[in-house]
Amino acid sequence: MADTIRKISFIRSTRLEQESLTFGVVVLLAVVLSFVSPAFLDPNNLASLQTALAPNLIVAIGMMTLFMIGRFDLSVGAVMGISGIASAMALNAGLPVPVAFLAGIATGVFIGAFNGFMVARLGINHLIVTLGVLYMTRGVIEVAMSGEKLAGFTSFPPSFSLIGQLQFAGVSALFLFALLLCVVFESFLRLTLPGRKLLFLGGNPQAAEATGIRRRWTEFWCFVLSGGLAALAGVLMTARVGMANRYMGEGLEMQIFIACLIGGGSIAGGKGSYVGALAGVLFVTLLTNAFNLLSVPSEWQAVVIGAVLVLVVVVDGVMVLRKSGRPWNGIFGLFPNRISA
Amino acid sequence: MTIAQPARAEGAKPAGAILELRNVSKSYGAVRALRGVSFRVARGEIHAILGENGAGKSTTLKIINGEIEPDEGEVLVGGAVTLARDRKAGDIAMVHQELAVFSNMSVAENIFVGRMPRRNGRIDIARLHARAAELLRLFGLNIDTREILRSLTPGQQQIVEILRAVESDASLLILDEPTSGLNNHEAETLLSLIRRLRDGGHTILYVSHRLHEVLDVADHITVLRDGQYVETLANDGINEGDLIRRMVGRDLGPGVAANSAMLADAPVAFAVRGLSMAGQFHDMQLEVRQGEIVGVFGLEGSGAEQFSQAIFGIVPPSSGRIELNGRPIRDLSPASLMHSGMSYLNGNRKEAGLYMERSVAENISAPILDRLSRWGLVDRRKVLERAQEDIRRFAIRVPGPEGLPQQLSGGNQQKVMVSACLATDPKVIVLNEPTRGVDVGAKAEVHEAARAEAAKGKALLVFSSDLPELLRLAHRIVIMRSNRLAGEIRGVEMTEEAVMALAAGDR
């Protein structure tokens, strides 16, 4: 009786179908790039890739956590910006580096807590709350930077700048740190009960609450996490590039959003992984890099990234609907009422 | 046939009653959902609760499960009087009719949810799957415990959900319509699972409309009717007829349906030809003649609800067609059906019935704004006149045509909906639950309006879970069971027994 059980594959049981696909595309992209553009494997390019990847991955970890429970945070780019500025201002005021570092993180945690309070406590739609906070934060940045040069704050103590310059065996410490964070979160997701609870909650919120999972509490702390991680990325980025200005993190929320979707997340919740966040961030970053290397005008980058996103969603939809045996004419929601007589 | 009183049912099991209801009553506003219900459930038995729609089954279950507190009476668990919150926290587990599974998680995770085996703070994944596999084997399921629940059949998912309740060590399991939505084979597997659970010492409270299943599996059967306790029967030599007789017998009141013989020659205004929707209903055939009122009845899970939505294109069917006056409708959407002379009263007043923020007048005139407009501008005077007319005609108690629906009682809201539904002067009228949650007076007025439309030669199709309503209103009733047409009853043959035998019976 039990000996006829149909065993399922590793990728299926770990739910890494989309992630594997994205990783495959990333590898393909890297191989193609190394042939098409000799500059791709240049040490300078690889170094700048790492610098670009690290903060994006850190922010994406927070965003992916929210995706899992069916939420998202559009304020991450602005939080990244304001946290970097907060640290820079603290340093300018002569505060020691660790204090300035923490000041930046605290700014992000505070904004995350505000988002979390509005969504989890007051029950306001997360799109509206985080969009509002994005605008508010950008406004605060403008106020804080009025009178400053366009480049913003540029003089930092050497020990602060060192954080961004540190290397291990020729690899950026920031990048290694982001990877480590990704591994830690993936283990948390796979191996611990709180990690699984994120997916339970996203999969069926009512049923999850009925089994004793604290919905509002979890939502609140996921927003705090997202704000905190965006701030961490902002402070680290400030240390790396040596300046904090009003442009940092602008438009980043959409890049991260798209990376998470491409990496297997779903705004409906209950799905996603941190390796998926890595895959998505790799893809978006590589694509941007490819455009730079091939000197395609940056306007086209947005077009292509957007098109890839639509393609991913369509392919995903087709796969799901084909599995459920629905007819083709209903797949994209076209003419759902037309029936063949 | 032996009729066991609760006291005698207890005698068979020395352990005594695990659950006892004493004189339990519960009202929602003016509606008395339960009136002085008392019965006992013995430890280690399968005890079925049976009753028509609205008999008080779900209220009873909610009280037992600790979701609500009764207005009067006591609930004893293991001989001790309990409060709702004790029962909620205690060892009673309920599996609701709607699946509450995590379709994105593995089978094993669905069974254990918050109680996964852990070691050093981490989930012991090997042990989790070993224990889940053991449980599945015990109940004869050949599924990989790592499989994602979404890829299981509904029956397998239902079993997984029941296993979750089993695993929670509850001594009393409440299963609400566990077989609705399952095919025969899956239902069989489920019933044998339930028997095994009983043999393993669990007590099971089983609610189902399917009489043959109840007779197949239950040790005792408690029948409720109109919120009152009727009888607890020992499942010993009784048959479906015995059960149906106890379930029905409500007072029908005045206004039994007219003879439909004279309608046989009237032209067919509305026809359903082989309409199907995967998993919901199959090969539905139906004709409604001019001047005829046809009722459609089906118990929960029979597919009647989905069918009612599909014929107006709200949920698109997968095959088959609909004809209005002999003409097939190509584009099966609400807009095109309305254009062809059909009108639909939505069964869900709160969610899809009224524009709650707009005035009564605007609600009534919404479907016919084009007729009340001149050169593309709405003529407010005409809108108000039209509303005044309908307010008089349907005796809607409203401060004025500019009043908001929120200020009205449920019955008057319903009358606003009915008048909006009839505003287009449709030839075919589909009424879905036309009197759900309204008082007796409003109900009679809605029925009167429906009869008046039929007298004008309109074709009416009425979906209702309120069987006496259909018996009073319809010329004939078609009955759905297990997602198919089960039969049709007309004229003098229309009795509650006859309809229930088709709706809940074995064949």
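Here the structure is a predicted model, which is why all the values come from computation and not from measurement.

Criteria and cut-off values
Residues numbered from 1 in each chain as written. Chains lettered and ligands numbered in written order. Predicted model: local features only at pLDDT ≥ 70, side-chain atom pairs only at ≥ 80, totals over all residues. Helix = DSSP H or I, 4+ residues; strand = E, 2+ residues; numbered from the N terminus. Rg over C-alpha atoms; globule rule 2.2 N^0.38 Å. Buried ≥ 20, exposed ≤ 12 C-beta atoms within 10 Å, placed from the backbone. Contact = placed C-beta atoms within 7 Å. Pairing = 2+ DSSP bridges. Axes fitted to C-alpha atoms, helices over the stretch in contact; angles between N-to-C directions. Left-handed = near helix turned anticlockwise from the far one by under 90°. Nonpolar A, V, L, I, M, F, W, Y, C, P; charged D, E, K, R; others polar. Core = buried A, V, L, I, M, F, W, Y, C linked by C-beta atoms within 7 Å. Parallel < 35°, antiparallel > 145°, perpendicular 65-115°, else oblique. Expected span 1.5 Å × (residues − 1). Domains from an automatic or database assignment. pLDDT = per-residue confidence, 0-100. Arc of directions from axis to C-beta.

Before going further, it helps to examine the overall build of chain A. A tally of regular secondary structure across chain A gives 14 helices and two strands. Here the C-alpha atoms of chain A give a radius of gyration of 21 Å, agreeing with the 20 Å that 2.2 N^0.38 yields for 341 residues. For chain A, the C-alpha atoms occupy an extent of roughly 75 × 55 × 45 Å along the three principal directions. When burial is assessed residue by residue, chain A has 43% of its 341 residues classed as buried. When contacts within chain A are restricted to residue pairs at least 6 apart in sequence, long-range pairs at least 24 apart make up 77% of them.

What follows deals with the overall build of chain B. When you go through chain B residue by residue, the secondary structure sums to 18 helices and 24 strands. The C-alpha atoms of chain B give a radius of gyration of 25 Å, which matches the 23 Å a tight globule of 507 residues would have. When its C-alpha atoms are laid out on the principal axes, chain B stretches across 75 × 50 × 45 Å. Across chain B, every contact between residues at least 6 apart in sequence was considered, and the portion connecting residues at least 24 apart equals 69%.

Pairing between the strands of a sheet comes from backbone hydrogen bonds, and it takes one of two forms, parallel or antiparallel. All names here are of chain B. Here we have six strands laid out as an open sheet, ordered β6-β9-β10-β3-β11-β12, and mixed in their pairing. Edge strands, defined here as strands with exactly one partner in the open sheet, are β6 (92–95) and β12 (228–234). Shown here is a sheet whose adjacent strand axes are inclined to one another by a mean of 20°, direction ignored. In the packing of helix α2 (residues 57–64) onto the sheet, contacts are made with β3 (46–50), β6, β9 (172–176), β10 (203–207) and β11 (220–225), and the angle to β9 comes to roughly 150°. The strands that helix α7 (residues 184–199) touches are β3, β9 and β10; relative to β10, the one it contacts most, it runs at about 150°.

Residues and elements named next belong to chain A. Two elements in contact, helix α3 (residues 43–68) and helix α12 (residues 252–262), have axes whose closest approach is 9 Å; the angle formed by their N-to-C orientations is 65°. For the crossing formed where α3 meets α12, the hand is right-handed. From α3, Asn56, Val59, Ala60, Met63, Met64 and Phe67 reach across to α12, where they touch Leu252, Gln255, Ile256, Phe257, Ala259 and Cys260. Class assignment of the residues belonging to the contact of α3 with α12 gives a composition of ten nonpolar, two polar and no charged.

Moving on, we get to the nonpolar core. In terms of nonpolar packing, the biggest core is built from 235 residues, with A:Leu57, A:Val59, A:Ala60, A:Met63 and A:Ala277 touching the most fellow members. Setting aside anything within four residues of it in sequence, one finds A:Val59 in contact with A:Val76, A:Met80, A:Leu229, A:Ala230, A:Ala233, A:Leu252 and A:Ile256.

To continue, consider the interface of chain A and chain B. Of the residues lining the interface, 30 residues belong to chain A; the matching set on chain B comes to 32 residues. Mapped onto the side of chain A that touches chain B, the elements with two or more residues apiece are α9 (193–203) and α10 (205–210) of chain A. Looking at the side of chain A that touches chain B, the element that brings in the most residues is α9(A), giving five residues. Among the residues forming the side of chain A that touches chain B, the class breakdown is 14 nonpolar, ten polar and six charged.

Our focus in this paragraph is the packing of helix α5 (residues 97–121) of chain A against helix α6 (residues 126–145) of chain A. Residue and element names in this part refer to chain A. Between α5 and α6, whose axes approach to 9 Å, the crossing angle comes to 150°. By the angle between their axes, α5 is roughly antiparallel relative to α6. Seen along the crossing, α5 lies across α6 with a hand that is right-handed. Note on element contacts: α6 touches α5 through His126, Val129, Thr130, Val133 and Thr137, opposite Ile111, Phe114, Asn115, Met118 and Val119. Grouping the constituent residues of the contact of α5 with α6 by class yields six nonpolar, four polar and no charged.

Attention shifts here to the pairing of strand β18 (residues 342–345) of chain B. Residue and element names in this part refer to chain B. Alternating residues of β18 divide into Met342 and Tyr344 and Ser343 and Leu345, and every residue in both groups is buried. Both β18 and strand β21 (residues 428–432) contribute to a ladder of four bridges, which runs parallel. Bridge assignment links Met342 to a residue of β21, and that residue is Val428.

Next up on the list: helix α15 (residues 410–422) of chain B. Residue and element names in this part refer to chain B. Its 13 residues give α15 an end-to-end C-alpha distance of 18 Å, which sits within 8% of 18 Å, the value for a rise of 1.5 Å per residue. Burial analysis of α15 places eleven of its 13 residues in the buried class, the great majority of the element. Buried within α15 we find Asn412, Gln413, Gln414, Lys415, Val416, Met417, Val418, Ser419, Ala420, Cys421 and Leu422.

Considered domain by domain, chain B is made up of domain 1 (1–90 + 201–247), domain 2 (92–170), domain 3 (261–341 + 426–504) and domain 4 (358–417). Inter-centroid distance (C-alpha atoms) of domain 1 of chain B to domain 4 of chain B is 46 Å.

So, on to the confidence of the model for chain A. The predicted model of chain A averages 87 in pLDDT, with 91% of residues at 70 or higher. For the stretch residues 325–341 of chain A, pLDDT sits under 50, and the model shows 22 contacts to residues farther than four places along the chain or on other chains.

All names here are of chain B. Inspection of the secondary structure assignment puts Leu193 in helix α7. On the neighbour-count criterion, Leu193 (20 C-beta atoms within 10 Å) is buried. In sequence terms Leu193 and Gly295 are 102 residues apart; their C-alpha atoms lie 37 Å from each other. Setting aside residues up to four positions removed in sequence, Leu193 forms contacts with Phe139, Ile159 and Ile162.

Turning our eyes to something else, we now look at α7(B). Residue and element names in this part refer to chain B. The end-to-end C-alpha distance of α7 is 23 Å, a good match for the 22 Å that 16 residues give at a rise of 1.5 Å each. Those residues of α7 lying buried are Ala187, Leu190, Leu193, Ile194, Leu197 and Arg198. Around the axis of α7, the buried residues are gathered within 140° of arc, so they sit on the same side. In this structure, α7 carries Asn184, His185 and Asp199 as exposed residues pointing more than 90 degrees from its buried face. The secondary structure elements touched by the buried residues of α7 are β3, α6 (154–167), β9, β10 and α8 (211–217). Where α7 terminates, the next one or two residues include Gly201, which has phi positive at roughly 105°.

This brings us to the pairing of β3(B). Residue and element names in this part refer to chain B. Counting buried positions over the five residues of β3 gives five, a clear majority of the element. Along β3, one buried face is formed by Ile46, Ala48 and Leu50 and the opposite face, lined by His47 and Ile49, is buried too. Alignment of β3 against β10, held across four bridges, turns out to be parallel. The residue bridging Ile46 from the neighbouring strand is Ile204, located in β10. Summarising the sheet, β3 and β11 pair through four bridges and their orientation is parallel. Directly across from Leu50, in β11, lies its bridge partner Val223.

For A:Gly77, the location among the structural elements is in helix α4 (residues 76–92). Exposure remark for A:Gly77: the 26 C-beta atoms within 10 Å place this residue in the buried category.

Residues and elements named next belong to chain B. The four strands are arranged β2-β1-β4-β5 in an open sheet whose pairing can be described as antiparallel. Across the chains shown, the open sheet's two edge strands, defined by having one partner strand only, are β2 (31–42) and β5 (80–82). Within the sheet, the average angular offset between the axes of one strand and its neighbour, ignoring direction, is 30°.

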